[in-house]
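A look at the structure
Residues per chain, in single letters:
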Amino acid sequence: MKTNFKNVQADKDGFFGAYGGSYVPEALRAELDRVYNAYLRLKKDPAFRAELRSLQHTYQGRPTPLYFCKKLTEQTGGAEIYLKREDLNHTGAHKINHCLGEALLARYLGKDTIIGETGAGQHGLALATAAALIGLKCRIFMGETDVKKQFINVRKMQLLGAEVVCVREGGKTLKEAVDAAFAEYLGTFEHALYCIGSVVGPHPYPTIVRDFQAVVGREAHAQFRRLKKGLPDAVVACVGGGSNAIGIFTGFLSDPSVRLYGVEPMGRGAAIGDNAASITFGKPAVLHGFKSLVLEDEKGEPAEAYSVASGLDYPSVGPEHAYLKDIGRVNYVTVTDEEALDAFRRLSVTEGIIPALESSHAVAYALKLAKELGRGASIVVNLSGRGDKDVDFVLDNYSL
Ligand SMILES: *Cc1c(COP(=O)(O)O)cnc(C)c1O
């Protein structure tokens, strides 16, 4: 295990400190080793790097801008607030960063199908998009409850040529969708690749997804330096599984003066089932093939996770985050539904940017932090996605 804060690398068994690893059947572990070895070769291949860079530039919309919120800063009366505009990616969020990479990896491995799980539909949509672009078949597992709630996303995935498989087990949401996707993968890995939606799952997923998301931090670091000739005092990102956060943090880990904040959803409050703050309240346990901090109910089973932002309601978190918490490099904090909704409105009316409810958690914390750090300081917020998907829900359930 090497930690120089330049890059945190998992050990050979895929552990970040006490967390990570690979708790899957032997046959699958052997396949995941093959996937990882292929990935390590591909990562260095100049033709692959050129293709990914070109697609990021011409298809996806990278580099995404770093934007200074002048009005919001003046209104808040403290540190300068900057947004890394991942909401401007094609498909409206950061998830396309790793989906494009995973789809290219599948093609390199000679697979004809990619499999994915989705909760609210954001990862499913990004993966179906990448599959259409690269020319792969795509099967998306989605809980029945989510299929009903997010029917427009089901239609979009179908329009993109993906097959949406409705999962009717258990709570019929994200957790069961992941179980179903793994079960499918176990029987189909000879011709399929499972493309997970965040920096979670067994080794090597947390590493591969992190590497593909690291472009966010690399760009933000360079953009900030160009703009301000220095470094920001703080970087803030919301944490569900943790992919957008690790993506931007990776660019700043080796700068000890930059404080890093991961914002977890406190939902309706601290009671079990009312939030999805896995780092704040979780205990070490194995879920979905990896060890990390997991929210548990009274019986010690994985708890139902809740947040107003459906992209954040996962009962565990990427193992690298659990490790970064342990070593004290990242501060993990919480924001309630109510605070996130306030930030959703504030950013919309003040800057003309409607943020995703997930990203609104990061904005909400940045507003508090800006006052605390005061004038002269600066904060970069990873605006992981746009809020068009959330407008109907917010208007139906909350007042403006
Ligand atoms: C899915 C999603 C998230 C949460 O996922 P992470 O892996 O924690 O980044 C955050 N923001 C948006 C817009 C999302 O779609």
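Predicted model, so just to flag it, every value in this text is computed and none were measured.

Here's the deal with the packing of aromatic side chains
- With the rule as written, the count across this model stands at eleven aromatic pairs.
- Between phenylalanine 68 and tyrosine 82, the ring centres sit 5.0 Å apart and the planes meet at 35 degrees, which makes this aromatic pair tilted. One end of the pair, phenylalanine 68, is in strand 5 (residues 66-68); the other, tyrosine 82, is in strand 6 (residues 80-85), and 14 residues separate them in sequence.
- A relative accessible area of 27% means that phenylalanine 68 is categorised as partly exposed.
- Measuring from ring centre to ring centre gives 6.0 Å for tyrosine 194 and tyrosine 205, while their planes differ by 65 degrees; the resulting arrangement is edge-to-face. Taken together, the residues tyrosine 194 in strand 10 (residues 192-194) and tyrosine 205 in helix 9 (residues 205-228) connect sequence positions eleven residues apart.

A few points about the site of the ligand
- Near the ligand there are 17 residues, and of these Lys95, Ser198, Gly242, Ser243 and Ser384 occur at the shortest range.
- Between the ligand and glycine 242, the relevant distance is 2.7 Å, taken from an oxygen atom to a main-chain nitrogen or oxygen of the residue.
- Contact distances for the ligand include 2.8 Å between an oxygen atom and a side-chain N or O atom of asparagine 244.
- Judged by the fraction of its atoms near the pocket grid, the ligand is located in the largest cavity.
- For the shell around the ligand, a count of residues per class yields four nonpolar, eleven polar and two charged.

Here's the deal with the pairing of strand 8 (residues 137-143)
- Of all seven residues in strand 8, five are buried; the element is thus mostly enclosed.
- Once the chain exits strand 7 (residues 113-118) it traverses helix 5 (residues 122-134) before rejoining the sheet at strand 8, and the crossover so formed is right-handed.
- The pairing of strand 8 with strand 9 (residues 163-167) spans five bridges and is parallel. By the bridge assignment, phenylalanine 141 is partnered in strand 9 with valine 165.

Topic: the layout of surface pockets
- Roughly 1,200 Å³ of volume is contained in the largest pocket.
- Considering the residues around the largest pocket, the lining is formed by 41 residues, among which Gly119, Ala120, Lys149, Gln150 and Ser310 are closest to the centre.
- Among the elements that make up the lining of the largest pocket, the one with the highest residue count is helix 7 (residues 151-159) (four residues).
- Split into classes, the residues belonging to the lining of the largest pocket amount to 16 nonpolar, twelve polar and 13 charged.
- As a volume, the second largest pocket reaches approximately 800 Å³.
- Arg49, Asp211, Ala214, Val215 and Arg218 are, among the 28 residues lining the second largest pocket, the residues nearest its centre.

Looking at the packing of helix 1 (residues 26-44) against helix 4 (residues 95-108)
- The contact between helix 1 and helix 4 brings their axes to 10 Å, and the two run at 105 degrees. Classified by the angle their axes make, helix 1 and helix 4 are roughly perpendicular. Facing helix 1, whose interface residues are Val35, Ala38, Tyr39, Arg41 and Leu42, helix 4 presents Leu104, Leu105 and Tyr108.
- Taken together, the residues of the contact of helix 1 with helix 4 sort by class into seven nonpolar, no polar and one charged.

What about empty space enclosed by the protein?
- Inspection of the entire model under this criterion finds three cavities of 30 Å³ or more.
- Taken as a whole, the largest cavity holds about 500 Å³ of empty space.
- Lys95, Gly197, Ser198, Gly311 and Leu312 are, among the 36 residues lining the largest cavity, the residues nearest its centre.
- Counting residues per element, the ones that place at least two in the lining of the largest cavity are strand 7, helix 5, helix 8 (174-188) and helix 10 (243-250).
- The residue inventory of the lining of the largest cavity, partitioned by class, reads twelve nonpolar, 19 polar and five charged.

Quick look at the side chain of glutamine 213
- Locating glutamine 213 in the fold gives a position in helix 9.
- Given the relative accessible area of 0%, glutamine 213 is considered buried.
- Residues in contact with glutamine 213, not counting those within four places in the same chain, are His94, Lys95, Asn97, His98, Ser243 and Gly247.

As for the sheet that holds strand 5
- Across the sheet, which stays open at both edges, the six strands sit in the order 5-6-16-11-12-15 with mixed pairing between neighbours. The open sheet has two edge strands with one neighbour each: strand 5 and strand 15 (330-336). Recorded for the sheet is a direction-independent mean angle of 30 degrees between the axes of neighbouring strands.
- Sheet topology places strand 6 next to strand 16 (residues 378-383); six bridges connect them, and they run parallel. Note that in strand 16 the partner of tyrosine 82 across the bridge is valine 380.
- Of the strands in this sheet, strand 5, strand 6 and strand 16 touch helix 9, which is tilted by about 140 degrees from strand 6.
- Contacts between helix 10 and the sheet are confined to strand 6, strand 11 (234-238), strand 12 (259-267), strand 15 and strand 16, with strand 11 contributing the most and set at about 160 degrees to the helix.

A few points about the packing of helix 4 against helix 9
- Following both chains from N to C, one finds helix 4 and helix 9 inclined at 125 degrees, their axes separated by 8 Å at the closest point. One way to sum up the angle between helix 4 and helix 9 is to call them oblique. When the axes of helix 4 and helix 9 are compared, the crossing they make is right-handed. Here Lys95, Asn97, His98, Gly101, Glu102 and Leu105 of helix 4 come into contact with helix 9, specifically with Tyr205, Ile208, Val209, Phe212, Gln213, Val215 and Val216.

Points about helix 4
- Between its first and last C-alpha, helix 4 extends 20 Å over 14 residues, near the 20 Å set by a 1.5 Å rise per residue.
- Burial within helix 4 is extensive, with twelve of its 14 residues counted as buried.
- Within helix 4, burial applies to Lys95, Ile96, Asn97, His98, Cys99, Leu100, Gly101, Glu102, Ala103, Leu104, Leu105 and Ala106.
- Just past helix 4, the residue glycine 110 takes up positive phi, approximately 80 degrees.

About the thresholds
As a convention, each chain's residues are numbered from 1 in the sequence order in which they are written. Reporting in this predicted model follows two pLDDT cut-offs: at least 70 for local features of residues, and 80 or more for side-chain atom pairs to be given and counted; totals over whole chains, interfaces and linings ignore these cut-offs and use all residues. Side-chain numbers come from the whole structure's heavy atoms, not from hydrogens or water. To pair, rings of Phe, Tyr and Trp, with the six-membered ring standing in for Trp, must have centres within 6.5 Å; the planes then decide the type, stacked if under 30 degrees apart, edge-to-face if over 60, and tilted in the middle. Helix and strand labels come from DSSP, where a helix needs a run of H or I of at least four residues and a strand needs a run of E of at least two; each type is numbered from the N terminus. For each residue, the accessible area found with a 1.4 Å probe, counting protein chains only, is set against the maximum for its type, and the residue is called buried under 20%, exposed over 50%, and partly exposed in between. Any residue with a heavy atom positioned within 4 Å of a molecule or strand is treated as near that molecule or strand. For the purposes of these results, a polar contact is taken to be a pair of N or O atoms within 3.5 Å, where, inside protein, one atom must be able to donate a hydrogen and its partner to accept one; residues adjacent in sequence count only when each atom of the pair is a side-chain atom. For each structure, a 1 Å grid was placed over the protein atoms alone; sets of points admitting a 1.4 Å probe that cannot get out are labelled cavities, open sets with protein on both sides within 12 Å along at least five of seven lines are labelled pockets, and lining residues have an atom within 4 Å of a point. Criterion for pocket placement: a molecule counts as inside a cavity or pocket if more than half of its atoms are within 2 Å of its grid points. Ten residues, namely Ala, Val, Leu, Ile, Met, Phe, Trp, Tyr, Cys and Pro, are considered nonpolar, four, namely Asp, Glu, Lys and Arg, are considered charged, and the remaining ones, Gly among them, are considered polar. Seen with its strands pointing away from the viewer, a crossover is right-handed if its path from the first strand over the helix to the second goes clockwise. What makes two strands pair is DSSP finding at least two bridges between them. Grid points are joined across faces, edges and corners, and a volume is the space filled by probe spheres set on the points. To get an axis, fit a line to the C-alpha atoms, keeping to the stretch in contact for a helix; angles then go from 0 to 180 degrees between the N-to-C directions. The labels follow the angle: roughly parallel below 35 degrees, roughly antiparallel above 145, roughly perpendicular from 65 to 115, and oblique for the rest. Throughout, a residue-residue contact means that at least one pair of heavy atoms, one from each residue, lies within 4.5 Å. Helix crossings fall into two classes, left-handed where the near helix is turned counterclockwise from the far one by less than a right angle and right-handed where it is turned clockwise. Here, expected helix span is obtained from the residue count minus one, scaled by 1.5 Å.

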